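The primary structure of each chain is shown beneath.
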Amino acid sequence: MTTSFTSSFSARPSPTVPPASQSFEPLVKAVLKHRLSRNVFAFSAAFSLAFHILFWSSDDSSLSARLLSPTWIMGVLPIIVSRKLNLTTHNTVAPSPRQTLAGAFSKSSTCRISTVYTASALLLLSLHLYSAPAIRECLNLSVFVKSKKHPYYLNGCLIFLVTAQAWFALCYSLRNIMLERFVFRWSRNVPSNPPNLFVNLPLILTTIALFTLVTLTAYNVVFGLMRVISRTFLLGLITLANWEFAETLFNLYIPQPIDVSHTTAEPNVTLVSGVTSTDLVFLHFAYSDLRNLATDSSPSSSTRRIALFSDQKYNPSLWSTLVRATLLRLGHDYQTLLRRGRAAPPSPPPPVAAPTSTVPNPPSTPILRQPIYKPLQQSPLARILNSLASDSDLSRATEEVAKEVETVAKEVHIPELFRSVTASPTSAAPASTAVVRVAQNPPAAPSTLITSVQQSCYGLLVKYAPLQSREVCTQLNGWLARERIHKRAEMSLPNRELDALIIESLSALVCASLTEDRYGVVQRDIPRILEAFLSFLQAAEDYQDEVAYELDDTNSAVFRQKERVRVEVAKASEAISVVIDALKSGISDIVRTFGDKLTAFKFPPKTAKKLQSFID
């Protein structure tokens, strides 16, 4: 007799790495919120208040009224909030300015952003007119003109100021679109302590003053000069200077690196969780923290790396999760480079399942649902009555009569005038032909209509405009439509800064694993890592050679065009070199660290040949 014993021990599944939305992202959001309120809000409010006291307020206003002016709340705060809400991580680079504008106007957020800028500009104008009654009376900026004959005529000077502020807002929003300010910009070489912004303040004011002057000049060309031009320029300068200072603060403080993993109980888990994020903004901060951990030589960082390599608590392990997410990110950008920035082709449809074979039914005798005997011959009177009672018989009888009439007409040569009333099978041919013609020529699409309108306008311009105007329009159209070489390079490598950061972090961890990896976990992934690096490097070098060929292929005698292509090729090479330099440095560090130990690994022939050049 056997007795069974029950055990209290049971296999517990290993935990997985928590998602980034639960561990890493909340910490980064808290730091960004602190930066937004402490740096961007505070400094932009101080700048706006200083400008209001120096240039905006009238002499008769008190100091307390100047300090309590809601200039920043009405004119600057909506701009910062709009920038924060509409900030995107997907860099949709276009090769030409026309495509950049077309891509921006195809988004619904562009209209909202332009509306916010326009509303803020008009609110600043209203606040200025309300807080400076002396200026309003001096320039006669009332809503209606002071006329007894026409007391309800709108004031032209006021309309000029309102439209000028709206013009400034629209031009500034277009400038931000061309500068791609609503795309998150991050550089791996950003210093931890940002430089003093007030050192660059004269440059910012000079730039925005020139932009205001050019914008106002273009506005005056359209609407004509008026006596309020100086006040319009001052209003535009103050408005745009406040906006530009706030935008510069946003660009300076928000992308600063954030190290938050060391503040948690399990820093390695938090860091690896951040690497698995799907948001590129949080990926930048996560890999920045990972690079600091990988390159720091302090004992605490070494202890963290040893714990990262030897983790056995999670399934998959921390290192496996880290290297898988890293190689997937690099592989995605590698495929984008091979496609030269074009969209990925659609996935093929799933295969259609083969129809199941069905057993055919056995033959059977069909059932006839009709009389089997020959019908009796009907009298002529009965046939006429049946024809009248049935539409189908009547129509068939009519067709038979028509055919007989047509035959007789051909035999006795009846004129066409009388034969036209007979039913001819060719009479329906024009209608069917028209239907086929309409089917072959469907109605024009909206894009075709827009293109035809543009061509008509261009024809009118060529026919009636002066020669100089036509030349200017031709040059402007060429400038808008011309594709830039460096923009194509940015399209092919949209996440080059992130890729370089990933390569630096991963190569530093591989080098540190030689002395800190106790179980050889990292060494198993070295062939995959080197193969990914070398493949990416080969594709980047091939594209760099392709871009350099653009300069040699330019056989233009115009020096200006040759110089323009040279500058664009230099910018494109600089963008590609961000990834190439990081890859060469990372591969060289791994080769110097491991040396002859790399002979223990097996590589594909193409990868081994490329790797041999670094060993030599």
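Model, not experiment: these values are computed from the prediction.

## With respect to the packing of aromatic side chains
Inspection of every chain in the model, using the stated rule, returns eleven aromatic pairs. On the numbers, 6.2 Å between centres and 70° between planes, the contact of Phe-184 with Phe-285 is edge-to-face. Within this pair, whereas Phe-184 is found in the loop between α9 (156-179) and α10 (201-223), its partner Phe-285 is found in helix α13 (residues 280-295), the two being separated by 101 residues in sequence. Pair check on accessibility: Phe-184 and Phe-285 agree, each one buried. Residues Phe-309 and Trp-319 carry aromatic rings whose centres are separated by 5.7 Å and whose planes lie at 80° to one another, so their mutual orientation is edge-to-face. Of the two residues, Phe-309 sits in helix α14 (residues 299-309) while Trp-319 sits in helix α15 (residues 318-338), which places them ten residues apart along the sequence. The same class applies to Phe-309 as to Trp-319, namely buried. These aromatic residues form a ring-pair network of at least three members: Tyr-117, Tyr-172, Phe-211 and Trp-243. Above the face of the Phe-211 ring, Arg-175 is positioned so that its terminal group lies 5.3 Å from the ring centre.

## Brief notes about the packing of helix α23 (residues 496-516) against helix α24 (residues 526-552)
As a packed pair, α23 and α24 sit with axes 12 Å apart at the nearest point and diverge in direction by 145°. Between α23 and α24 lies a crossing of left-handed hand. Facing α23, whose interface residues are Asp-499, Ile-503, Leu-506, Ser-507 and Val-510, α24 presents Ile-526, Ile-529, Phe-533 and Phe-536. The residue inventory of the contact of α23 with α24, partitioned by class, reads seven nonpolar, one polar and one charged.

## Observations concerning the confidence of the model for the protein chain
Averaged over every residue, the pLDDT of the protein chain is 79; residues scoring 70 or more account for 72%. Of the regions scoring below 50 in pLDDT, residues 412-447 engages in eight contacts with residues more than four places distant in sequence or in other chains.

## Some details on a nonpolar patch on the surface
A contiguous nonpolar surface patch, about 290 Å² in accessible area, is contributed by Met-178, Leu-476 and Trp-479. Mapped onto the fold, Trp-479 is located in helix α21 (residues 467-481). According to the relative accessible area criterion, Trp-479 is partly exposed, its value standing at 43%.

## Points about unusual backbone geometry
For the peptide bond that leads from Asn-315 to Pro-316, omega is 0°, which places it in the cis range. With respect to the helices, strands and loops of the structure, Pro-316 is situated in the loop between α14 and α15. Positioned with a positive phi, Arg-340 is a non-glycine residue whose angle comes to about 60°. Tracing the backbone through its elements, the reader meets Arg-340 in the loop between α15 and α16 (380-389). For Arg-340, a relative accessible area of 23% corresponds to the partly exposed category.

## Describing the pattern of salt bridges
One pass over the full model with this rule turns up 18 salt bridges. One salt bridge in this structure joins Glu-541 and Lys-584, with 3.9 Å as the shortest N-O distance. Of the two residues, Glu-541 is situated in helix α24 and Lys-584 in helix α25 (residues 559-594); the sequence distance between them amounts to 43 residues. Taking relative accessible area as the criterion, Glu-541 reaches 18% and is therefore assigned buried. Classification of Lys-584 by relative accessible area gives partly exposed; the value is 36%. Its salt-bridge partner being Lys-610, residue Glu-541 comes within 2.8 Å of it at the nearest N-O pair. With Glu-541 in helix α24 and Lys-610 in helix α26 (residues 605-615), this pair connects stretches of sequence that are 69 residues apart. Within the structure, one salt-bridge network assembled from shared partners comprises Glu-180, Arg-185, Lys-487 and Glu-490.

## Looking at α13
Since there are 3.6 residues in each turn of an α-helix, residues three or four apart along the chain are aligned in direction. The end-to-end C-alpha distance of α13 is 22 Å, a good match for the 22 Å that 16 residues give at a rise of 1.5 Å each. The element α13 is extensively covered by neighbouring structure, given that 14 of its 16 residues are classed as buried. Capping of α13 at its N-terminal end is provided by Asp-279; its side-chain oxygen lies 3.0 Å from the backbone amide nitrogen of Val-281.

## Examining the nonpolar core
Core analysis: the biggest nonpolar cluster contains 112 residues, and Phe-285, Trp-319 and Phe-533 have the highest contact counts within it. For this core, the element with the highest residue contribution is α25, accounting for 13 residues. With sequence-adjacent residues up to four places away left out, Phe-533 is seen in contact with Leu-330, Ile-503, Leu-506, Ser-507, Leu-583, Ile-587 and Ile-590. Leu-125, Leu-129, Leu-158 and Leu-235 belong to the second-largest nonpolar core, a separate cluster that totals five residues.

## Brief notes about the environment of Leu-283
With respect to the element layout, Leu-283 can be found in helix α13. On a C-alpha basis, the gap between Leu-283 and Glu-25 in space is 9.6 Å, while along the polypeptide they are 258 residues apart.

Basis of the calculations
Residues numbered from 1 in each chain as written. Predicted model: local features only at pLDDT ≥ 70, side-chain atom pairs only at ≥ 80, totals over all residues. Heavy atoms only, no water. Phe/Tyr/Trp six-rings, centres within 6.5 Å; stacked < 30°, edge-to-face > 60°. Helix = DSSP H or I, 4+ residues; strand = E, 2+ residues; numbered from the N terminus. Buried < 20%, exposed > 50% of the residue type's maximum accessible area, 1.4 Å probe, protein only. Lys NZ or Arg CZ within 6 Å of the ring centre and 35° of its normal. Axes fitted to C-alpha atoms, helices over the stretch in contact; angles between N-to-C directions. Left-handed = near helix turned anticlockwise from the far one by under 90°. Contact = heavy atoms within 4.5 Å. Nonpolar A, V, L, I, M, F, W, Y, C, P; charged D, E, K, R; others polar. pLDDT = per-residue confidence, 0-100. Patch = residues over 30% accessible without salt bridge, like charges linked within 9 Å, V, L, I, M, F, W, Y side chains within 5 Å. Areas by Shrake-Rupley, 256 points an atom, 1.4 Å probe, with all protein chains shown as cover. Salt bridge = Lys/Arg side-chain N within 4 Å of Asp/Glu carboxyl O. Expected span 1.5 Å × (residues − 1). Polar contact = N/O pair within 3.5 Å; in protein donor to acceptor, adjacent residues only side chain to side chain. Core = buried A, V, L, I, M, F, W, Y, C linked by side-chain atoms within 4.5 Å.

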